[in-house]
Amino acid sequence: MSHPDYLPTGRPVVGKRRSWGLLPEAERLGVGVVGLHEGHTMLVALRASGLCRAVAGCDLDEAKRADAVNATPGLWVNADYERLLERDDVDIVAIYTPDALHAGQIEAAFKAGKHVLCTKPLVNDVSVAERLTAAAKEHGKRLQVGQSTRFYEPFLQQRDLYEEGLFGEVECFDAHYNHRMDWYYEKSPWTVTETHWAYLGLSHPVDLVRWYLGDLSSVQAVGSISQLGLRYGCTKPDVIAAQFVSKEGKIGRAFGHYGFTELSKGRALIEGLLMGTKGTSLARYPELRHTYVSSDGVEHDDDFDHAFGGYHYRHELKGMHYGEFCNCIDSFAAALLSGGHNSPDLVEGLETVRVMNAVVRSLETGQTVHL
Ligand SMILES: NC(=O)c1ccc[n+]([C@@H]2O[C@H](COP(=O)([O-])OP(=O)(O)OC[C@H]3O[C@@H](n4cnc5c(N)ncnc54)[C@H](O)[C@@H]3O)[C@@H](O)[C@H]2O)c1
């Protein structure tokens, strides 16, 4: 696939949103979404896409399929994933099912000749890495991790300014994702038994730490189960603190608490604090806010709520993910159309899974795990 009519940077267009380009409707890549809860958000997000269009949806739940058709008139829907994979109009399969299903669904998509966008955590089992790598290679298909935080405007601005050199070399990156999850246990009981918060929640801060520090050499983690976690039957930690040392000797930290009482005016659910040789930057989610200082000592507190609120959460609840899902899939589509690199790709995604697996091993053994 190659097409000249795309913008490689994704930099903001008229200050309101990012764009990776605009193709005529008929030339856009067809997306088939499996798992239509968070996947429904992807369907709505695709309305703003310039490079992709929603063509198919799949969910076991009939009501979810009906909601998807309401949101996207004309959408083909089915309960059988194999049927979606048979469709010629699906170029990219977007996977939003429970964590434990991702590996099998990614492999099946590659075998059917589809590219894949898979939500975070990419997988929650490190042993599938070789199988997925081999399937991608054998069928010549590519994968993008739907790591939404990277594509949220404050985190994109933080990255842009870092790449421009404003903060110098990163010396330390400190990230957290804290979120009270009683509503999630009730909506999605699989979260108690079929995954681990080291994957489901910590994938956001671990990905950010890896994005800035590169390959890591060691992980040391401690954890506990909150009172709320115990109430919902958790047997593995839902409070996790992990510290990392990178191959270059830099320090990173990832924290997650999934049972606490949120203090939303004081701390954001997700924060990425970059401490560099020339400056410091704090990106937040769901606030559309980036606070930073560089070597001139002037502190900036940029609030993008008016500029980007319409795009990121369509003036609904903050944190609805529309803009970041659209940014993520359009950056992937631009890479597919141009033959350029996409990020985070399968290699990066599997490396993050290897780090999360090391967090679990450190939690279980109480030892530092060397990667
Ligand atoms: N920031 C983000 O990017 C973000 C946010 C929330 C959730 N997620 C991820 O999305 C995934 C789904 O989370 P959720 O909150 O939507 O879960 P959910 O339990 O609400 O929804 C999962 C959906 O998948 C469907 N499903 C299950 N098995 C299926 C199968 N075999 N074939 C077709 N459909 C099937 C279910 O019917 C359900 O509608 C998880 O991996 C989660 O980590 C990502």
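The rules we used
Residues numbered from 1 in each chain as written. Predicted model: local features only at pLDDT ≥ 70, side-chain atom pairs only at ≥ 80, totals over all residues. Helix = DSSP H or I, 4+ residues; strand = E, 2+ residues; numbered from the N terminus. Contact = placed C-beta atoms within 7 Å. Axes fitted to C-alpha atoms, helices over the stretch in contact; angles between N-to-C directions. Parallel < 35°, antiparallel > 145°, perpendicular 65-115°, else oblique. Nonpolar A, V, L, I, M, F, W, Y, C, P; charged D, E, K, R; others polar. Core = buried A, V, L, I, M, F, W, Y, C linked by C-beta atoms within 7 Å. Buried ≥ 20, exposed ≤ 12 C-beta atoms within 10 Å, placed from the backbone. Domains from an automatic or database assignment. Pairing = 2+ DSSP bridges. Arc of directions from axis to C-beta.

### Brief notes about the environment of Y152
Relative to the helices and strands, Y152 resides in the loop between strand 8 (143-146) and helix 6 (153-163). Separated by 167 residues in sequence, Y152 and G319 have C-alpha atoms that sit 9.8 Å apart. Setting aside residues up to four positions removed in sequence, Y152 forms contacts with Y285, H312 and E324.

### Observations regarding the packing of helix 5 (residues 129-139) against helix 14 (residues 346-365)
Contact geometry for helix 5 and helix 14: axes closest at 11 Å, N-to-C directions at 175°. As summarised for this structure, helix 5 and helix 14 are arranged roughly antiparallel, according to the angle between their axes. Contact residues: A129, L132, T133 and A136 in helix 5; L346, L350 and V353 in helix 14. Here the residues of the contact of helix 5 with helix 14 are counted per class, giving six nonpolar, one polar and no charged.

### A short note on the nonpolar core
Grouped together as the largest cluster of nonpolar side chains are 98 residues, with contacts concentrated most on V31, A94, V116, L202, I329, A333 and V359. Broken down by element, this core gets its largest block of residues, eleven residues, from helix 13 (residues 322-338). Summarising the domain contributions, this core has at least three residues from each of domain 1 (12-148) and domain 2 (150-318 + 346-370). Excluding residues that lie within four positions of it along the chain, A94 makes contacts with V31, V33, G39, M42, L117 and I329.

### Considering the sheet that holds strand 7 (residues 115-119)
Overall, parallel pairing links the six strands, which are arranged 5-4-3-6-7-8 in an open sheet. In this open sheet, the two strands that pair with only one neighbour each are strand 5 (76-78) and strand 8. Averaged over all pairs of adjacent strands, the angle between their axes in this sheet comes to 25°, without regard to strand direction. With four bridges joining them, strand 3 (residues 29-34) and strand 6 (residues 92-95) adopt parallel strand pairing. Across the sheet, V33 pairs through a bridge with A94, a residue of strand 6.

### So, the sheet that holds strand 17 (residues 369-370)
Spatial ordering of the open sheet is given by 16-15-14-13-9-12-11-10-17, a layout of nine strands whose pairing is mixed. This sheet does not close on itself; its edge strands, each paired only once, are strand 16 (299-303) and strand 17. Packed on one face of the sheet, helix 10 (residues 203-213) meets strand 9 (170-177), strand 10 (216-224), strand 11 (239-246), strand 12 (251-257) and strand 13 (270-276) and runs near 170° to strand 9. Strands strand 10, strand 11 and strand 17 of the sheet are contacted by helix 14, whose axis makes an angle of about 50° with strand 10.

### What to know about helix 12 (residues 305-313)
If you check which residues of helix 12 are buried, you get F308, Y311 and H312. Buried residues of helix 12 fall within an arc of 90° about the axis and therefore sit on the same side. Contact partners of the buried residues in helix 12: strand 2 (17-18), helix 6 and helix 13. Downstream of helix 12 by a residue or two, R314 has a phi angle that is positive, lying close to 45°.

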